[in-house]
Every structure is written in C-alpha cells, then in structure tokens.
Amino acid sequence: MITVKARSNFTENQVEALKRDGEVRGAYHFELYIAAHGEKSHGSFVTLFKNGEHICQTGEHQTSHFGKSANGATLLLEVGEVVFLRLWQNSKIYDDQNHHSTFSGHLLFTM
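The model shown is predicted, which means the values in this text are computed figures rather than measured ones. (Residues numbered from 1 in each chain as written. Predicted model: local features only at pLDDT ≥ 70, side-chain atom pairs only at ≥ 80, totals over all residues. Heavy atoms only, no water.)

J.: Just give me the short version of the overall build of the chain, but keep the residues and values in it.
T.: Helix and strand counts for the chain come out as 1 helix and 7 strands. Going from N to C terminus, the chain has its helices and strands arranged as β-α-β-β-β-β-β-β. Sequence separation of 24 or more characterises 74% of the internal contacts of the chain that already satisfy a separation of 6 or more. Accessible area of the chain: about 7400 Å², with a carbon and sulfur share of 52%. (Helix = DSSP H or I, 4+ residues; strand = E, 2+ residues; numbered from the N terminus. Contact = heavy atoms within 4.5 Å. Areas by Shrake-Rupley, 256 points an atom, 1.4 Å probe, with all protein chains shown as cover.)

Right, here's the structure in full:
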C-alpha cells in the first residue's frame, strides 16, 4: 500500500506545532470521501488506520463513469496516537479544486 500525502498550506513546523498543541485524549470522528473516474484496470480504495491498525475502508471498482465512496469512524484517541489513510496498491482517486476526495476529523469530546 502507498501512503497518501495530504495537500495543505501548512509547513512541516506548523504541523509539528499542531501535534504538540492539539494532543487531547478524547473521542474523535473521522470521515473519508473518495472519488474517481471509472477505469477497468484500477479501482478506488483507501483504508483508515489508527497506529497502523486497520479501522475501516471505503472504495469501489467502477469500469466507467464517475464514482464516489465514503465511510467514517468514531475513535477514542490517546495522546500521541496517529490516524492516517493509505491508498491501496493499483488504486487511484481523483481530486481537483472542487475537493471530491477529502479526509477530515474533529474532536467530539474530551475524556
């Protein structure tokens, strides 16, 4: 699997500062949305991981037209735990200025 790098306007130092300042034990909700143009040879699949453990996935293999898929999870995160997406090998997703493919999360409540 290939790790997906998010496009953002944050520098590496700003990201590290957010990690330090935002470390709070609590329940977080994450949502993943992907989109892709159909293609016979490539599906569109991603997996959500917490500290390297498979949590959930979303995807489809559509041979033509434009397809979308979504999933989400609510997780208890301890300080320092990491959540990330991985694009499956031989999979493709599509994005442009309309943000068809997104990954977001937010704190529901502290614990």
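Read on, since the account is not over.
J.: Account for the sheet that holds strand S2 (residues 26-37), naming residues and giving values.
T.: Taken in spatial order, the 3 strands of this open sheet run S5-S2-S7, and their pairing is antiparallel. Edge positions in the sheet fall to strand S5 (66-77) and strand S7 (102-110), since each has one partner strand and no second. Neighbouring strand axes in the sheet, compared pairwise and without regard to direction, differ in orientation by 15° on average. Pairing of S2 with S7, which is carried by 8 bridges, proceeds in the antiparallel orientation. When the bridges of S7 are listed, Leu32 appears paired with Phe103. (Pairing = 2+ DSSP bridges. Axes fitted to C-alpha atoms, helices over the stretch in contact; angles between N-to-C directions.)

J.: Residue-level account of the pattern of salt bridges, with values.
T.: A complete count under the given rule lists 2 salt bridges for this structure. We note a salt bridge from Glu78 to Arg25, for which the minimum N-O separation is 2.8 Å. Of this pair, Glu78 sits in the loop between S5 and strand S6 (83-87) while Arg25 is found in the loop between helix H1 (12-21) and S2, placing the two residues 53 residues apart along the sequence. Lys50 serves as the salt-bridge partner of Glu81, at 3.8 Å between the closest nitrogen and oxygen. Taken together, the residues span a long stretch of sequence, with Glu81 in the loop between S5 and S6 and Lys50 in strand S3 (residues 44-50) at a distance of 31 residues. Residue classification places Lys50 among the buried residues on the basis of a relative accessible area of 17%. (Salt bridge = Lys/Arg side-chain N within 4 Å of Asp/Glu carboxyl O. Buried < 20%, exposed > 50% of the residue type's maximum accessible area, 1.4 Å probe, protein only.)

J.: Tell me about the packing of aromatic side chains, and please be specific about residues and values.
T.: Within the structure shown, the criterion is met by 5 aromatic pairs. Ring geometry for Phe49 versus Phe84: centroids 5.4 Å apart, planes at 10°, classification stacked. Of this pair, Phe49 sits in strand S3 while Phe84 sits in strand S6, and the two are 35 residues apart along the sequence. The rings of Tyr28, Phe30 and Phe103 are connected pair by pair, giving a single aromatic cluster. (Phe/Tyr/Trp six-rings, centres within 6.5 Å; stacked < 30°, edge-to-face > 60°.)

J.: Can you explain unusual backbone geometry? Please cite residues and give values.
T.: One non-glycine residue with positive phi stands out, namely Asn51, at about 50°. Here Asn51 lies in the loop between S3 and strand S4 (53-60). Looking at Asn51, the relative accessible area reads 41%, which means it is partly exposed. Despite not being glycine, His99 has its phi angle at roughly 55°, a positive value. As for its placement among the helices and strands, His99 is situated in the loop between S6 and S7. Taking relative accessible area as the criterion, His99 reaches 55% and is therefore assigned exposed.

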